[in-house]
Amino acid sequence: MNDMLALAKRNVLCYFRDRSSVFFSLMSVIIVILLYLLFLRDMLISANPPIDGMDRLVDAWVLSGILGIIPVTTCAGALQTMVEDRVNGRDRDVLVTPMKASAIAGGYIISTFIVGMAMSAIALVLSVAYLGMTGCPLSVAGVLTTVVLMIPSALSGSIIMYAITSRLRSTGAFSGLFVTMSVLIGFLAGIYMPMGTMPEGMQIVGMLVPASHMASLFRQSLAGEALNDVFSGAPSEMVKSFRTDMGFDISLMGFEFDPFTSMVFVLAVTALFFIIAVMGIRRR
Amino acid sequence: MMTAIVVEELRKSYDGFEAVKGVSFTVREGSFTAFLGPNGAGKSTTISIICSLLQQDSGRVSVFGNDASSLESRRAIGVVFQDPLLDGMLTVRENLEVRGAMYGLSKDELRHSVEKALEVTDSMEFAGQRYRTLSGGQRRRADIARALVHGPRLLILDEPTSGLDPRTRRTIWDTISRLNREQGLTVLLTTHYMEEATDADDVIIIAKGEIVARGTPAQLRDEYCTDSMTLVPANLQAVERILEGMGVAYDTDKGVVRIGLSRTADAVPIISALQGMVESLEVRSGTLDEAFLEITGEGSE
């Protein structure tokens, strides 16, 4: 256990002392938020019924969606250490120790998790500050739930991205993969465009991505209050179709996920990738 | 006395290239053993298998009686790699603490062993500096401290002095031999400088994936070194007549006569017979460097 934490500590130190990598991780968060404010916001608001408070609901909707994908888009910096270790042969210094393969994987995952949590926390603080300033309805319970949800979100993001990148042997492949993943995940999880506007096939693929489920859970916890506020007294049919189109409620081939089953799905997929990750660490 | 390393019939190929072709040797506990060979001879492959970084195709490697792939074996070994592997953004002390913890040391053990490793390698004065700000010699010291942080019984160094200036090379070398003599650490190091191997207790010479010679430096010198005498004759024909009369084999090149000797003392009767016929002469002991080139077949190329 100590060995795993020592490796994690080392990775986190290497990451945070390299100021440029921290800066670019933060940039990726800030760019997505700016992208939304400058381009997507008006389009999304006008696409929905002109109810009072719709703009604030859409704000809360997009920010909670972004929270769902942040662990995926920001773990590049932390995982970069791992790929560089391998490319430079620096992993030999770890492989000669009596550390088990699972502990080595665990060390890299924990550090990625910590970075994902830190970045999610920064994004959450910025989001809550923005929503609070613009007068979006928020509840303390909802924000606290969001904080708790950040844990499984960062955990699944770091494990899955670790497993995907743990076999790469070049930094070029790594950054290429990351750019692709970061763009793709935003669309698959319905962050930039609502789920309901995507073709059915894409929706099915999107539902298989754990980040979509996390985004849905974040929408419920962080934008739930705004949703209730905007649709108070509205016909239940209308609320239901909005919830489905905007990815508050998600379903896969007729199966409707609730928060519990979504969580089970996320954790099951994460566990699967953890096994893949551990199997990936074999001595050459 | 126990053997530190036993290697039996070790083989390893990469993509059809046979890097190590059935190598066997032992390293005595407490010895200072040099593993000598030209680049690409299979040294690093063998070392990597001993450190469990590579899996052999066949053969057996044990370290203090444990299979090289076992956790006990990894705990018993401290490795200094050829290239610097510590983290540039971390201080030397942080690097050691992190590495020590990877060997499962507790906080208290760690504090004690990090200080000890810094001390025996004279790394105390730059322990608080980031690794990337260190000079080449300081880095090497820190690398050795890293290798010692978990208290290994066997120290393996892969070309520890490569890329260092002669003075720094000397001090690193002194540190390593002190660890061997004073701390009783078994040392196995690879080098392609014969000159470095002369300080070792045992020398194992590897070339093209096979062991071509082994022994103490003195044994190797006796066995493989050839002494010689070269002379510039005042009158070449007169000298040649006398040498032929004595039955001495020689060859001439641009007016210089070269005579092979089995030992330098054999030069004395030849010199006295050539009294007054020689302008200058030199008698040379063969060096281990020449022997090494001879043994590994590099000399003829």
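Note that the structure is a prediction, hence the values are computed from the model and not measured.

(A) Helix α6 (residues 140–165) of chain A, seen in detail. Compared with the 38 Å implied by 1.5 Å per residue over 26 residues, the 37 Å span of α6 of chain A between its first and last C-alpha is a close match. Residue L149 of chain A marks the point of greatest curvature in α6 of chain A, where the axis turns by about 25 degrees; the proline P152 of chain A follows within four residues.

(B) Representation of the interface of chain B and chain A in the model. Chain B puts 26 residues into the contact, and the matching count from chain A is 22 residues. Here chain B and chain A share an interface that buries about 2,400 Å² over both sides, 59% of which is from carbon and sulfur atoms. The largest share of the area that chain B buries against chain A comes from L53, R74 and M102 of chain B, three residues that together contribute 27% of it. The tally of links from chain B across to chain A stands at five salt bridges. For E94 of chain B, the salt bridge is made with R17 of chain A, and the minimal N-O distance between the two is 2.7 Å. Summed over the shared surface of chain B and chain A, the number is seven residue pairs in polar contact (both at pLDDT 80 or more).

(C) Local environment of the packing of helix α3 (residues 54–87) of chain A against helix α5 (residues 101–133) of chain A. Residue and element names in this part refer to chain A. Here α3 crosses α5 at 150 degrees, and the two axes come no closer than 8 Å. One finds that α3 runs roughly antiparallel with respect to α5. Crossing angle aside, the handedness with which α3 passes α5 is right-handed. Judged by residue contacts, D59, A60, L63, L67, I70, P71, T74, C75, A78, L79, M82 and D85 of α3 engage Y108, S111, T112, V115, G116, M119, S120, A123, L124, S127, Y130 and L131 from α5. Across the contact of α3 with α5, the residue classes break down as 16 nonpolar, six polar and two charged.

(D) Region of the structure containing unusual backbone geometry. Residue and element names in this part refer to chain A. Of note in this structure, M253 is not a glycine but carries a positive phi near 50 degrees. Note on placement: M253 falls in the loop between β1 (251–252) and β2 (255–256). The class of M253 is exposed, set by a relative accessible area of 69%.

Conventions adopted
Residues numbered from 1 in each chain as written. Chains lettered and ligands numbered in written order. Predicted model: local features only at pLDDT ≥ 70, side-chain atom pairs only at ≥ 80, totals over all residues. Heavy atoms only, no water. Helix = DSSP H or I, 4+ residues; strand = E, 2+ residues; numbered from the N terminus. Expected span 1.5 Å × (residues − 1). Bend = angle between axes of the 7 residues up to and from the residue. Contact = heavy atoms within 4.5 Å. Buried area = accessible area lost by both parts, 1.4 Å probe. Salt bridge = Lys/Arg side-chain N within 4 Å of Asp/Glu carboxyl O. Polar contact = N/O pair within 3.5 Å; in protein donor to acceptor, adjacent residues only side chain to side chain. Axes fitted to C-alpha atoms, helices over the stretch in contact; angles between N-to-C directions. Parallel < 35°, antiparallel > 145°, perpendicular 65-115°, else oblique. Left-handed = near helix turned anticlockwise from the far one by under 90°. Nonpolar A, V, L, I, M, F, W, Y, C, P; charged D, E, K, R; others polar. Buried < 20%, exposed > 50% of the residue type's maximum accessible area, 1.4 Å probe, protein only.

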